[in-house]
Amino acid sequence: MLQKQLESEFPLIDSDPHFRRVVRYFRPSDYYYMAGSTLAFPGALWLMESASPARGKGKLSAAMKLSAALGLCGGFLYAYQRSTFRFWGWSENEREQQRAREEAQSGTVIGQGESSLSDEMQGVAHRNSVFSQLNLAVLPWFNVVNHKYHS
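Per-chain numbering applies: the sequence of each chain, read as written, is numbered from 1 onward. Where totals are concerned, whole chains, interfaces and linings use all residues; where local detail is concerned, this predicted model gives features only for residues with pLDDT of at least 70, and gives and counts side-chain atom pairs only at 80 or more. With hydrogens and water set aside, each side-chain value is computed from the structure's full complement of heavy atoms.

A. Quick peek at the overall build of the protein chain. Secondary structure elements are defined from DSSP: runs of H or I of at least 4 residues count as helices, runs of E of at least 2 residues count as strands, and each element is numbered from the N terminus. Each helix and strand in the protein chain was counted, giving five helices and zero strands. From first element to last, N terminus to C terminus, the protein chain shows the α and β order α-α-α-α-α. Throughout, a contact is declared for two residues whenever any of their heavy atoms are within 4.5 Å. Partitioning the intrachain contacts of the protein chain with sequence separation of at least 6 by distance along the chain shows that 82% fall at a separation of at least 24. Note that accessible areas follow from Shrake-Rupley with a 1.4 Å probe, and for residues the cover is restricted to the protein chains shown. Counting only carbon and sulfur atoms, one obtains 62% of the accessible surface of the protein chain, whose full area is about 9,500 Å².

B. Expanded view of the UniProt feature "transmembrane region" (unreviewed entry) in the protein chain. Here the UniProt-annotated "transmembrane region" (unreviewed entry) positions come out as residues 31–48 and 60–80. With 100% helix and 0% strand, residues 31–48 has its two end C-alpha atoms placed 26 Å apart. Taken end to end, residues 60–80 has its terminal C-alpha atoms 30 Å apart, with 95% of it in helix and 0% in strand. UniProt positions are given in the numbering used here, feature names are shortened, and annotations may be inferred rather than shown by experiment.

C. The arrangement of the packing of helix α2 (residues 28–51) against helix α3 (residues 61–88) in detail. Interaxial angle, 0 to 180 degrees, is taken between N-to-C directions of lines fitted to C-alpha atoms, where a helix line uses only the stretch in contact. Direction vectors running N to C along α2 and α3 enclose 150°, while the axes themselves pass 7 Å from each other. Regarding the angle of α2 to α3, the classification is roughly antiparallel. Crossing of α2 over α3 shows right-handed handedness. We call Asp, Glu, Lys and Arg charged. Ala, Val, Leu, Ile, Met, Phe, Trp, Tyr, Cys and Pro are nonpolar, and the rest, Gly among them, are polar. When its residues are assigned to classes, the contact of α2 with α3 shows 14 nonpolar, eight polar and three charged. An angle below 35 degrees is treated as roughly parallel, one above 145 as roughly antiparallel, one from 65 to 115 as roughly perpendicular, and anything else as oblique. Crossings are assigned a handedness: left-handed for a near helix turned anticlockwise from the far helix by less than a right angle, right-handed for a clockwise turn.

D. Summary view of the pattern of salt bridges. For salt bridges, the criterion is a side-chain nitrogen of Lys or Arg within 4 Å of an Asp or Glu carboxyl oxygen. Here the structure, examined in full by the defined rule, presents eight salt bridges. Close ionic contact of R82 with D30 constitutes a salt bridge, the shortest N to O distance being 2.8 Å. Of this pair, R82 sits in helix α3 while D30 sits in helix α2, and the two are 52 residues apart along the sequence. Whether a residue is buried, partly exposed or exposed follows from its accessible area with a 1.4 Å probe, protein chains only, as a fraction of its type maximum: under 20%, in between, or over 50%, in that order. Judged by relative accessible area, D30 falls into the buried class, the value being 0%. Sharing partners across several salt bridges, the network here consists of R27, D30, R82, R86, E92 and E96.

E. A look at the nonpolar core. We call a set of buried residues a nonpolar core when its members are Ala, Val, Leu, Ile, Met, Phe, Trp, Tyr or Cys and they connect through side-chain atoms within 4.5 Å of each other. By size, the foremost hydrophobic cluster in this structure holds 10 residues: I13, V22, Y25, F26, M34, A79, Y80, F87, A100 and L136. When residues in this core are grouped by element, the largest group, three residues, is from α3.

F. Structural detail: α3. Helix length check: α3, at 28 residues, gives a terminal C-alpha distance of 41 Å against a target of 40 Å (1.5 Å per residue), a fit within 8%. Taken residue by residue, α3 has S67, G71, G75, A79, Y80, Q81, S83, T84, R86, F87 and W88 as its buried positions. On its buried face, α3 is in contact with α1 (19–24), α2 and α4 (94–106). Just downstream of α3 lies G89, where phi reads positive at about 85°. Expected span of a helix, by definition, is 1.5 Å for each gap between consecutive residues, and there is one gap fewer than residues.

G. Spotlight on the packing of aromatic side chains. Centre distance within 6.5 Å is the pairing criterion for rings of Phe, Tyr and Trp, where only the six-membered ring of Trp is used; planes under 30 degrees apart are then read as stacked, over 60 as edge-to-face, and the remainder as tilted. Inspection of the entire model under this criterion finds 15 aromatic pairs. Ring centres of F85 and W88 lie 5.7 Å apart, and the angle between their planes is 35°; this geometry places the pair in the tilted category. Taken together, the residues span about one helical turn, with F85 and W88 both in helix α3 at a distance of three residues. What makes F85 partly exposed here is its relative accessible area of 22%. Assessed through its relative accessible area of 4%, W88 is described here as buried. Here the aromatic residues F19, F26, Y31, F76, Y80 and F142 are joined through ring pairs into a cluster of three or more.

This is the structure we're talking about:
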């Protein structure tokens with residue numbers, strides 16, 4: 001089944017990039033967004049607690065740890081989505097284009113190697129993960145399978 005090609009201002013690098021490849025292509029700004037959300041979530045909780053205390057004094061540490069963990073998870077998903085948008089050509093991707101060319105010349109493209117799955121199962125894995133980054137808030141689903149269905 002052919003995948004619909006979407007028009008975008010920037011060129012498409014990979015329509016279904018592998019998880020490790022997306023993470024390796026993170027930019028420093030992606031890490032800043034991740035750190036910002038990790039700090040913002042417990043910061044907002046602290047501000048709400050200081051404005052209207054709901055618990056006794058000094059009993060906020062467990063909630064702060066949990067909120068920092070949730071902020072880190074949310075920040076990672078946001079950074080992952082930003083990196084994927086650059087693969088799809090939905091945002092500026094000059095650095096990623098250069099790096100993808102270098103990887104293609106050296107033959108070390110992650111996600112495009114040999115797979116132990118049959119052709120049918122590779123197709124299923126591709127159909128399940130392509131454009132799944134648009135719904136990361138609902139169900140985090142990543143491409144972790146090597147397959148031959150890349151653009």
